[in-house]
Amino acid sequence: MKFVQTINDAVGGSFVGRFFKLNERGTSFSTELAGASATFLTMAYILAVNPRILADSGGPCEADWVNDCDAADPPNCGIFGPEYTACLEVIKQQYVTATALGSCVACLLMGLVANLPIALAPGMGMNAYFTYSVVGWRGTGKISYQAACTAVMIEGAIFFFLALTGLRYRIVRLIPEPVRIATPAGIGAFLAHLGLQTAEGIGVVVGDVATAVTLGACPEEKRTKMVAYDDACANDGVCVFSDNYTCDVEGGQMTSGTTWLGILGFMIICITMAYKSKLAFIYGIGLVTIVSWFRGTAVTYFPYTDEGDARFDYFKQVVDITGLDLLLTPFTSDLAGAGLALFTMLYVDFLDTSGTLLGIVNSMGLIDEEGNFPRSTQAYSVDAVSTMFGSIFGLSPITSYIESGAGVEAGAKTGLTAVICAFYFFIAIFFAPILASIPPWAIGGALILVGALMARSLTKLNFNKLSHAVSGFLTVMVMPLTYSIAYGLIAGIGAYLVMEGVFWLLSFAGIHLPEEKEEEEKEGKHTEAAGAIGLSPMLGKSLYNVTGGMTSKDMELSDRADDAIEEEAEEDVGEEAAKEVGGDEEVAVGETVGETVAESLK
């Protein structure tokens, strides 16, 4: 469209375009806008999910087990009392504002300082750890809410120190190559896993008592909630219910209207993206969301229930600004017992952030062989500062979001995307009732598609080398199954170090891997081939190094190149064989070698 192109040209040549390097990175304002919209829509669920999870901690609400009781119902006291319950509703609303404000500032900093299309918000998983493992459900844990928030502030400060001193870079460089390659695919599997579930997705995968997960998609009236049957639940009747449920008891698998509506949105996104539409995510998410806002249907987000009525009442407000007086500066000097929580949040935040940044930036093609990328120090520093800022409002650690992959797949390449996301979160402060009403089945399909596209990184993994195959595979599988990017990285790194360490020790005893001998034979074959056409052995060895050593598949391509040499192929054949051997990343080198080989044959 001419109008859009005019705007793109104007922005590209302006100070904004030069600051964000739009032309240099081959993007435009409309593309960045589409990417930001896709990213925000796929992570907008955080505005609804995060307040609910953090409010379960009880926040600053205090239970009165003496006065806050109902005489007619003695168990209705303390954390079950009316005053405490009313306090929870207030802080849940305040957490909507806090989540939007913290995410807004974090995205703005990432865009302006690091110039990367990565959005930030309170991390999923970390918020659950903060609530259920550290503070405990409604404050029943061993660490106070104030101590946990103070630990978050300290964790961010330590992270900031690691980023500024360069220690972060040295630690990241220690991540083995196969783990770095597999990380984007692992993140993609994590995203797809989220998209297939109910809390953030279409609900095809649900819980199961025997097999952990199974086929779901049953309507709400056939869902059986699952609980943590611990001592408190068995002895005192204080049972913690989760969003997890099973369809095995009542049946009704694959009969949920919302699931099929989500699948429709997923197909819309896939088909429109196949036609290179930059608005594919917006089409799918927008259509499903609008359909779900009509009441009285089988797919409504506002059913005629107490929960549905509460959602609709909040939705009808359209504009709502809630204060932060109960959440502001919840710090304390009493950190007794918070040491383990501090350490856990630090290493999980560090590894999650590293995995997300490396995965997203790698999919953009901006990462080098050493695992570094432009303004990496600034990106990590922003993540750390955002965590410290969020702790002022009682938020769990703020981190880079893997949903940013949706924006990258839509074409986003600069920090302008993050700045636009910041604007969206700023609007969310005022229009939280609207944005918090995007149903999970509207965004599930987008997460699944992004996961599928991020799996492309596995094409670079050397499956013929067992230590690479195992460490890469564990990285991919453990991330979604443990709900943690950090645990996936730990599994992959651990497997790689153990296997390579044993191989190294055995080499001193003269026990070498068979593949090492194959490498020597292949290197000799290249040297011999180079000599046959009058090239020096050094050039033959260089050709071997340029092609990356080649795997068994590459050996087949090498044989094809040898056949072409024997038959004195023309220049274009030499170019093609060298291209295939060199791989996508070394096409230019492959063409040069191909021309040299073909020229030598003439």
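Treat the numbers as computed from the prediction; the structure is a model and nothing was measured.

Basis of the calculations
Residues numbered from 1 in each chain as written. Predicted model: local features only at pLDDT ≥ 70, side-chain atom pairs only at ≥ 80, totals over all residues. Heavy atoms only, no water. Disulfide = S-S within 2.5 Å. Helix = DSSP H or I, 4+ residues; strand = E, 2+ residues; numbered from the N terminus. Buried < 20%, exposed > 50% of the residue type's maximum accessible area, 1.4 Å probe, protein only. Contact = heavy atoms within 4.5 Å. Expected span 1.5 Å × (residues − 1). Pairing = 2+ DSSP bridges. 1 Å grid on protein atoms, 1.4 Å probe; cavity = no way out; pocket = protein on both sides within 12 Å on 5 of 7 lines; lining within 4 Å. Points joined across faces, edges and corners; volume = space filled by probe spheres on them.

### Some points on the state of the cysteines
Counted by the stated rule, this structure contains two disulfides. Across a sulfur-sulfur distance of 1.9 Å, Cys-61 and Cys-87 are joined as a disulfide pair. The disulfide joining Cys-61 to Cys-87 has a torsion of about -85° about its S-S bond and is therefore left-handed. Of this pair, Cys-61 sits in the loop between helix H4 (46–55) and strand E1 (69–70) while Cys-87 is found in helix H5 (residues 82–114), placing the two residues 26 residues apart along the sequence. Among the cysteines around Cys-421, which has no disulfide bond, Cys-107 carries the closest sulfur, lying 5.4 Å off.

### Comments concerning the environment of Ala-182
Mapped onto the secondary structure, Ala-182 falls in helix H9 (residues 177–196). Residue class for Ala-182 comes out buried when judged on its relative accessible area of 0%. Sequence separation between Ala-182 and Ala-455 is 273 residues, and the spatial gap between their C-alpha atoms is 8.3 Å. Excluding anything up to four places from it in sequence, Ala-182 contacts Leu-458, Gly-472, Thr-475 and Val-476.

### Section: H5
In a regular helix each residue adds 1.5 Å, so 33 residues correspond to 48 Å; H5 covers 47 Å between its end C-alpha atoms and thus fits that length. In the stretch just after H5, Asn-115 is the one whose phi turns positive, near 55°.

### Here we look at the pairing of strand E4 (residues 205–208)
When E4 meets strand E5 (residues 212–215), the two strands line up antiparallel, connected through four bridges. Note that in E5 the partner of Val-206 across the bridge is Thr-214. Where E4 folds back on E5, the antiparallel hairpin that results is connected by three residues.

### Looking at empty space enclosed by the protein
Enumeration over the complete set of coordinates arrives at one cavity of 30 Å³ or more. For the largest cavity, the calculated volume is near 30 Å³. Where the lining of the largest cavity is concerned, the elements lending two or more residues are H5 and helix H17 (415–435). At three residues, H5 tops the list of elements feeding residues into the lining of the largest cavity.

### Things to note about the environment of Ser-381
Mapped onto the elements, Ser-381 comes out in helix H15 (residues 376–391). Look at Ser-381 and you get buried, because its relative accessible area is 9%. Not counting residues within four places of it along the chain, the set of residues in contact with Ser-381 comprises Phe-160, Ala-163 and Leu-164.

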